[in-house]
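Per-entry structural report
Next come the chains, spelled out residue by residue.
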Amino acid sequence: MASGEFTEEEQGRYDRQIRLWGIEAQQRMRNATILVVRLRGTATETIKNIVLAGIGKLILVDADDVKEEDLGAGFFFRDDDVGKKRVDAAKARIENLNPLVTVETVPNFNVLNNQNFESTVNGVDLVCITEWDRDDLVRLNIICRRSRKPFYSGGTYGLLGYIFCDLLDHNYISPDRSSPKDVPKSIQMKVSYPSLQDALRHRWSLLSKRQTKELNPASVFAILALWRFQSIQKRLPIGAQDVGELQQIADALVSEADVNKQVITTVPHSLIESVTMTAVHEFSPVCAIVGGLLAQDILKTLAAREPPIANFLTFDGNTGGASVCKLSMS
Amino acid sequence: MPTTTTVPGRTKHAKGILGDELHKKLGETKVLVVGAGGIGCELIKTLVLSGFINITLLDLDTIDLSNLNRQFLFRTTHLKKPKSLIAASVASTFNPLVHITPIQDNITDSDKYHVEWFRTFDLVLNALDNLEARKYVGRMCVAGGVGMVESGTAGYLGQVQPIVGGVTECFECVEKPKGGKTYPVCTIRSTPSLPIHSVVWSKSYLMGQLFGVDEDAGTELDEAEKQGENAEEIANLRKEAESFAQVRAAIRSKPTTTPAARMIFDKIFNTDIKRLLSMSDMWNHRAKPVPLDFDRIMQETEVGNGEKEKESVALKDQKKLTTKENLELFISSVSALSARLSPSSPSSSEEETKETVIEFDKDDPDTLDFVTATSNLRSLAYGIPQKSKWEVKEMAGNIIPAIATTNAIIAGLIVLQGVHLVAAKLGRSSAGSSASSSSNALTSTTTTNSDSSSYTALRNIHIQLKPSVPLSAITTSRPNPACGICRDVYTVVRCDPLRATLRDVVQGVLGPTPISEFTIFASAPSAPSATRILADPDWDDNLDRTLGSVNVRCGMFVNVVHEEGVWETISVGIGGLPPGEGWYGGNGSGSGSGSGSGSGSGNGNGNAEGEGEGIPWLMLPDPLPRLVVKKEEEKKGGTNTPPPPPPPVERASLKRGLDEEDDDIELLDGDDNNGADAHPPATKRRKTISNPPPSTPPKHQHPTRPVFSSPSKKRKLEEDGLVLMESAEEVLDDDLLDGRENGGGEGDVIVID
């Protein structure tokens, strides 16, 4: 879309958000092409939000068919979509959310192959991969880094959710909220992000008891444990038989990361138990929260306004709290 | 109910997370969603996907283009249609099993949405954008013993608060600051120094003088005079106000005389300013305003700013106007507004379609043009920076920015808290499938008997700007012991107000306790502070009159306040009789003194069938409410000073326990709000409570505010969206977390300085 004047319709439709982030941010969003991979609950919410906000173009990749259980959190699907390609079922309904946004769909995962992915990534402004396994996220993140493209990943495991991002060297404007409203002041900021591979080597040694506690390490290590479990087993835990192994992995991770022992030496068994039983499930409210946080962060990054997540967010639906750890970054 | 089917796998994930029992319970829960706007659209979607099936959705509004960036159930084809209907029908397509009942109405209509009505729901979820409705629903849920979740968003921020009467803080346990800023009257009227002063002057004062109701504008100045303001300045302002009569006539003359705009201009931007300038001592320490010259501006050849700003992106309305453009906008808007006004004496029937009064409305382009132009011209005269139409719209319209993401997050959090509330009734934790066995459902008849241990999963959650904790979840606080809303004992009496006497109702509820120990008030749920006294120990004239004859209707409350302050106030919601057969209160004979039932039983008509001695037009609660002893520390100072008549909720202790978890938690700044609500603020919360405050509880600012006190002008201004403050020192905090999505209802605040 041309970067010209905003039409009356755009002005009317986007009024309430332009008043929040300004016309320049809106312009940057309008000029952006976003790649979203896998259409499950988290992506459904994320896509709804970034399309409503008025990005320029969405490229949506998913090779799978709509399954019955996808109707649980997937409001782009209807009963008679079961068996169709997810992207085919959803396309018109996504377009319907905001006629000003272009939607392109890719009904296979070939674009994720090493060679294809690089050229795909070169044609977009930001990559968002949802509900994907750790090892492949590491691989795709490396390719994005090579192409200097911001990388987001996010997903949910039952009541838990996460967002990881690698924004390379990110420059943004941070509005100074302490200044009076009539004379808005802003600060130019620059942050360097590590790759996912480096982030996973993070040690918590330097954090005080209080700092550690604030980051809700139990949810962080529950998610990291799920990732390692999946890497070893090539599947997520699905039942009681997996509780022991997940617990073992989680506790090993806690100890490897040198977490303050006054706060946590083991991930609570009740959490491991409930995560084991629910990891393969998705729940609409959790998807709405994680997808809302993920979309908001993508928009902040595109707009180069407001500090984005740095760099690993975990959400715990048991409490409703979310915290962000800086993994291997200062 | 029609049973529609869906693919069996649809609920697999939700059941996997909640367990079958809780999932089934969600389906049986009757949910009321109040609001189908930004939060409401997201909320309905998340509810129907989570397993809630039985939903009533109420909203008053219709769909506007500026909603579409976030209210994703709506399309351009839906513009101007009712939000409740469209949201219900679109969200129903997400899950064929759900039944959504839409209602397009105002929730604060107490004739329809009374306690009994709220009691037909198991769970109430607020998705509102204004304080009045929030308070109303909050009170009704506390009164009806219905669990609820309160919410709000503004820009990137938002919050969610689960409320269970008697267990958690209620919506009003902590005083909510009013929105808007305060501006001294004289700053607005004669000494503006900021762009907002010009905007408020134009929107709230000038619009009213020219296009509002013809009224004596002097009262406000009387007030200012009483406050000891500069007498000369006030005399001047009075003169200014009086001379509006002429221009009002010019605007309304038919056909509009061309010079109407000129006349206005010369008066307000020239003559009035010159008059102010003549008071030389006013300008000793201030920059003098400069009277504007109509002709000189018209001859101006200043080039528009358009060229200069070309390089930066901007919307059309974001461009600043030149002085001449402002003047032209002024002339065209005056002529557009005049054409819409009916002349002072309507002559032809054609005129009936015209308006008698035009008020500022941010979505009414003529009024926005007028306010933009006049505020900029005033700013020019006073050497204040000018504003674009875009900025004026936001300032004058109190627009609060709103985005989809915040609403989606908040809606998700509301549903999770709602699930916790449903799970609490089942007596088990909501997460994981290791269910402890079955229910020990809580009764919902009173607000004080709840077993708070079932509610340990509840959290108040805030979206924060703090990078390390974007969502802060804190355990809920206990009710404020001095709260004027949730500490009352609530009950409902269903009756025919034209037959039941005050004594029938009150003595019936009190049982054996003598009615003579109590003072009795009436109040409407929308304004619990505006109480009206009906009887007290020394004045029982009304006791044997019917409720109807003392103006107590269904939907109102009768507040029974113990004279000696031993018992908590009993608030009796008056409900109508159920339709159909007459009904005999199971406990109807419980009134200790025979006089209550005696007064009415003689002439019971047609419906009087059945057994027992109850009165057919009176249904007392069963069981009767328990009298609850006020906590020791809250009792009034002793029995020797009976305060006649005490407002229902004057309680003394303002101490407040501090949760250990409360350290390092940012709390809202509560702020006293000028006595608009007679219930004194219970506590003032501080940002970052780390140590208990010194044990000097703040004094009530206005402990015994007279019941009918508001001077007419003050009331009028309040209706106009202005709030008069008692003093210039009183500052209202602008609170982001107040959660108004669009501030349409919230006005500016003017202080008499």
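Since this is a predicted model, take the numbers as computed values, not measurements.

1. Observations concerning the environment of Lys91 of chain A
Residue and element names in this part refer to chain A. Its location among the elements puts Lys91 in helix α3 (residues 86-97). Lys91 gets classed as partly exposed once you look at its relative accessible area, which sits at 27%. Sequence-wise, Lys91 and Thr301 are 210 residues apart; in three dimensions their C-alpha atoms are separated by 25 Å. What Lys91 contacts, discounting residues up to four positions off in sequence, is Val103 and Thr105.

2. Description of the side chain of Arg378 of chain B
All names here are of chain B. Structurally, Arg378 is set in helix α15 (residues 365-382). Using a relative accessible area of 4% as the deciding quantity, one classes Arg378 as buried. Within the structure, Arg378 has its side chain in polar contact with the backbone oxygen of Ile188 (distance 3.0 Å). With residues near it in sequence (within four places) discarded, Arg378 still touches Ile188, Arg189, Ser190, Pro192, Ser198, Trp201 and Phe269.

3. Focus on the sheet that holds strand β15 (residues 618-619) of chain B
Two strands in a sheet stick together by hydrogen bonds in their backbones, pointing the same way (parallel) or opposite ways (antiparallel). Residue and element names in this part refer to chain B. The strand order across the open sheet formed by six strands is β12-β11-β13-β14-β10-β15, and the pairing between neighbours is mixed. A single partner strand is all that each edge strand has here, and the edge strands are β12 (527-535) and β15. Sheet analysis places strand β10 (residues 489-495) next to strand β14 (residues 570-575), joined by six bridges and oriented parallel. When the sheet's bridge partners are listed, Val492 is paired in β14 with Gly573. In the packing of helix α18 (residues 502-510) onto the sheet, contacts are made with β10, β11 (518-524), β12, β13 (557-562), β14 and β15, and the angle to β14 comes to roughly 130 degrees.

4. Some points on the interface of chain B and chain A
The interface of chain B with chain A comprises 74 residues on the first partner and 70 residues on the second. Of the roughly 6300 Å² buried where chain B meets chain A, counting both sides, 61% is carbon and sulfur surface. For the interface between chain B and chain A, the tally reads seven salt bridges. Across the pair Glu8 of chain A and Lys316 of chain B runs a salt bridge whose closest N-O atoms are separated by 3.3 Å. Remark: the boundary between chain B and chain A carries 21 residue pairs in polar contact (both at pLDDT 80 or more). Listed by contribution, the elements that provide at least two residues to the side of chain B that touches chain A are α1 (12-18), α3 (38-50), α16 (389-397), α17 (404-426), β8 (459-463) and β9 (471-475) of chain B. The leading source of residues in the side of chain B that touches chain A is α17 of chain B, at 10 residues.

5. What to know about the environment of Ile520 of chain B
Residues and elements named next belong to chain B. Along the polypeptide, Ile520 turns up in strand β11. Ile520 sits 51 residues away from Ser571 along the chain, and the two C-alpha atoms are 9.7 Å apart. Contacts of Ile520, omitting those with residues within four sequence positions, involve Leu502, Val506, Ile515, Arg532, Ile533, Leu534, Ala535, Leu543, Val558 and Asn559.

6. Section: the packing of aromatic side chains
In this structure the tally under the stated criterion is 22 aromatic pairs over all chains. Here the aromatic rings of Phe75 of chain A and Phe94 of chain B are separated by 5.6 Å at their centres, their planes lie at 35 degrees, and the arrangement is tilted. Note that Phe75 of chain A is positioned in the loop between β2 (57-61) and α3 and Phe94 of chain B in the loop between α4 (83-92) and β3 (99-104), a pairing that runs across two chains. By the burial criterion, Phe75 of chain A is buried, and Phe94 of chain B matches it. With centroids separated by 4.6 Å and ring planes inclined at 65 degrees, the aromatic side chains of Tyr113 of chain B and Trp117 of chain B adopt a geometry described as edge-to-face. Aromatic rings pair up to connect Trp201, Phe211, Phe265, Phe269, Phe294, Phe330 and Phe370 of chain B into one cluster. A cation over an aromatic ring shows up here: Arg378 of chain B above the ring of Trp201 of chain B, its NZ or CZ 4.1 Å from the ring centre. The ring of Trp617 of chain B is capped by Arg499 of chain B, whose NZ or CZ atom sits 5.0 Å from the centre of that ring.

Conventions used here
- Residues numbered from 1 in each chain as written.
- Chains lettered and ligands numbered in written order.
- Predicted model: local features only at pLDDT ≥ 70, side-chain atom pairs only at ≥ 80, totals over all residues.
- Heavy atoms only, no water.
- Helix = DSSP H or I, 4+ residues; strand = E, 2+ residues; numbered from the N terminus.
- Buried < 20%, exposed > 50% of the residue type's maximum accessible area, 1.4 Å probe, protein only.
- Contact = heavy atoms within 4.5 Å.
- Polar contact = N/O pair within 3.5 Å; in protein donor to acceptor, adjacent residues only side chain to side chain.
- Pairing = 2+ DSSP bridges.
- Axes fitted to C-alpha atoms, helices over the stretch in contact; angles between N-to-C directions.
- Buried area = accessible area lost by both parts, 1.4 Å probe.
- Salt bridge = Lys/Arg side-chain N within 4 Å of Asp/Glu carboxyl O.
- Phe/Tyr/Trp six-rings, centres within 6.5 Å; stacked < 30°, edge-to-face > 60°.
- Lys NZ or Arg CZ within 6 Å of the ring centre and 35° of its normal.

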